[in-house]
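Each chain is listed here by its residues.
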Amino acid sequence: MQIPEIGVLVAIFYTFALYSILYKPNIFYKFTVATLIGAASSYWAIFALNSSIDIIQTRLALQDYSIILALLVGLLLFTSFKSDISYLSRYPVMVITSVGAIVAVRGMLSAQLVEPMMGIIKPLFVPGNLLDSFNNIIIIACALTALFYFTFTREYKGVVTSIHRAGRISILVGLGASYGTQLFSRSSLFIGRMQWLIDPSRIMGTIILTVAVIGFILYDKFLEGKSK
Amino acid sequence: MNRRIIFLCVIVVVIYPLYNPIGLPIPISPLTRQLFDYTDALPSGTIIVIDPWMSTGSYPELNPMTVVMLNHLMNLDTKIIIINTHHPETLGIIKDITIPMLDIPTDKVYGEDWVFIGFIPGMELGISSFASNPKGVVTKDGYGGDLTKLPLMQEVTDGSDFDLWIAVGKPDYALRQVQEVYNTPMTCLAPGGGAAEAMPYLASGQLKGVMISTRGAAEYELLLQKPGLAVSGMDATSAVHIFIILGIIIGNIYYVLKQKKIVGNKVLE
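Residues numbered from 1 in each chain as written. Chains lettered and ligands numbered in written order. Predicted model: local features only at pLDDT ≥ 70, side-chain atom pairs only at ≥ 80, totals over all residues. Heavy atoms only, no water.

Trainee: Account for the interface of chain A and chain B, with residues named and values stated.
Mentor: Between chain A and chain B, the contact holds 43 residues from the first and 55 residues from the second. Where chain A abuts chain B, roughly 4,100 Å² becomes buried across the two surfaces, and 64% of that area is made up of carbon and sulfur atoms. The interface formed by chain A and chain B contains zero salt bridges. Contributing elements (two or more residues each) for the side of chain A that touches chain B: α2 (27-61), α4 (90-120), α6 (159-197) and α7 (203-227) of chain A. With 14 residues, the top contributor of residues to the side of chain A that touches chain B is α6 of chain A. Looking at the side of chain A that touches chain B residue by residue, the class counts come to 21 nonpolar, 14 polar and eight charged. (Contact = heavy atoms within 4.5 Å. Buried area = accessible area lost by both parts, 1.4 Å probe. Salt bridge = Lys/Arg side-chain N within 4 Å of Asp/Glu carboxyl O. Helix = DSSP H or I, 4+ residues; strand = E, 2+ residues; numbered from the N terminus. Nonpolar A, V, L, I, M, F, W, Y, C, P; charged D, E, K, R; others polar.)

Pasting the structure below:
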């Protein structure tokens, strides 16, 4: 076991500093968050600049001079920093949002509406396979009742109330499953980080920082007791 | 109860199985089996695009899935294009963490059998631009080299030349811009939170297979007979989930008993 290099020690320190919020808000957490925001912002800015230069060079090399117009429209975004001409920054925003929406809609109707709905059309009875038949009935019933839950054109009484309630149950079951998978996702992230911390090449650094954290907590408790 | 005690219990419950593996069995789910069988049956010379949507916050979950899938593909006679349309930081994660973890066979040549393309900005617009003109969006690969000179990139002119698109993360953008437009088959390595979103696409046949989170990666590692990072974390995953389930059950029992106590007092009054 050896003490890891300085870069790894800094990474371990930042990991502990971020998790220290579980104890209480403290200066190490605030410092780490500020560092992360600063580093990420500068990284994004440099990358955006490099990517833009690369794309412009690529298009000009292909003799696609429409990129010059795109560059000029994009530069208008910077007018937002000057109040008297900041209205000009709305034009590139308009282009970005409208082009983005059009590109998204292009495939949306079929890929995210028609095709998934076709997937609900299943046989109610599969010969020789009771489980699949049961699954298909549940899928169709839950899909229809969940869709019906969002209709507001009929008064809820009689049979309509029962269908509405069944729809609510379907949605709640789906939300519960989604919540469970979210928990799984979060626990996977935490476990992945723990695996990184206790790796043999980094365990010495983890032990040093753990001792430091325990010392910090004990000192904090001592100060708390003293102030009371 | 002080929440810090619960946090401490979670830390202990996670770390203990990582140090002392219990060896709980990991049955292979039909979902992972379906994806494995589909990938294993890919014809020789298939051109695959994989787009990992990893960020610094999500890579502990998505990286094991990406690594195990790339390890499988590298051992098949396929050609792989790794792109990045998500965050600029994903470039560093793929270059410095994911690719060094791969078992790349010695006969796989960079530029001929696999290519790592750097960051393509624009997210969905980036995917659409890349699919319509792969060599027209960026000219440099992830290592700063000239992309247009790589032999693999000479074989692709648009999305119709891709034989498979693997979305690591949300499949929506690639479904709209690649699968729908060029009819390219797609699979998805979905995080836990995105599994519910991916399943309808699997049911409709738009996705040919789905791998869900680190559990799916562990099953895939077992199918490949190369247990790795995902398998080693499964005992801890099971332990923390059992802890959460017990916590929810105890919490609900306590809540019901507390309610009854309140109702009981009112009746007596």
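Structure's up, so let's keep going.
Trainee: Describe helix α8 (residues 172-182) of chain B, and please don't skip the residues or the numbers.
Mentor: The element α8 of chain B is extensively covered by neighbouring structure, given that eight of its eleven residues are classed as buried. D172, Y173, A174, L175, R176, Q177, V178 and Q179 of chain B are the residues of α8 of chain B that are buried. Lining the buried residues of α8 of chain B we find α4 of chain A together with α5 (124-132), β4 (164-168), β5 (186-190) and α9 (195-204) of chain B. (Buried < 20%, exposed > 50% of the residue type's maximum accessible area, 1.4 Å probe, protein only.)

Trainee: Before we move on, can you summarise the pattern of salt bridges with the specific residues and values?
Mentor: Residue and element names in this part refer to chain A. This model, assessed by the stated rule, comprises eight salt bridges over all chains. For D199, the salt bridge is made with R202, and the minimal N-O distance between the two is 3.8 Å. Taking the relative accessible area as the measure of exposure, D199 reaches 26% and is therefore partly exposed. On the basis of relative accessibility, which here comes to 16%, the residue R202 falls in the buried class. Look at the salt bridges and you will find they share partners, linking K24, D220 and E224 into a network.

Trainee: Tell me about the pairing of strand β1 (residues 46-52) of chain B, and please be specific about residues and values.
Mentor: Residue and element names in this part refer to chain B. Extensive coverage of β1 is indicated by the burial of seven of its seven residues. Burial along β1 is two-sided: T46, I48, I50 and P52 facing one way and I47, V49 and D51 facing the other are all buried. Here β1 runs beside strand β2 (residues 78-84); their pairing, made up of five bridges, is parallel. In the sheet register, I50 faces β2, and the bridge partner there is I82. For the crossover that starts at β1, traverses helix α3 (residues 59-74) and ends in the parallel β2, the hand is right-handed. With five bridges connecting them, β1 and β4 associate as parallel partners. Across the sheet, residue V49 finds its bridge partner in β4, namely W165. (Pairing = 2+ DSSP bridges. Right-handed = clockwise from strand over helix to strand, strands pointing away.)

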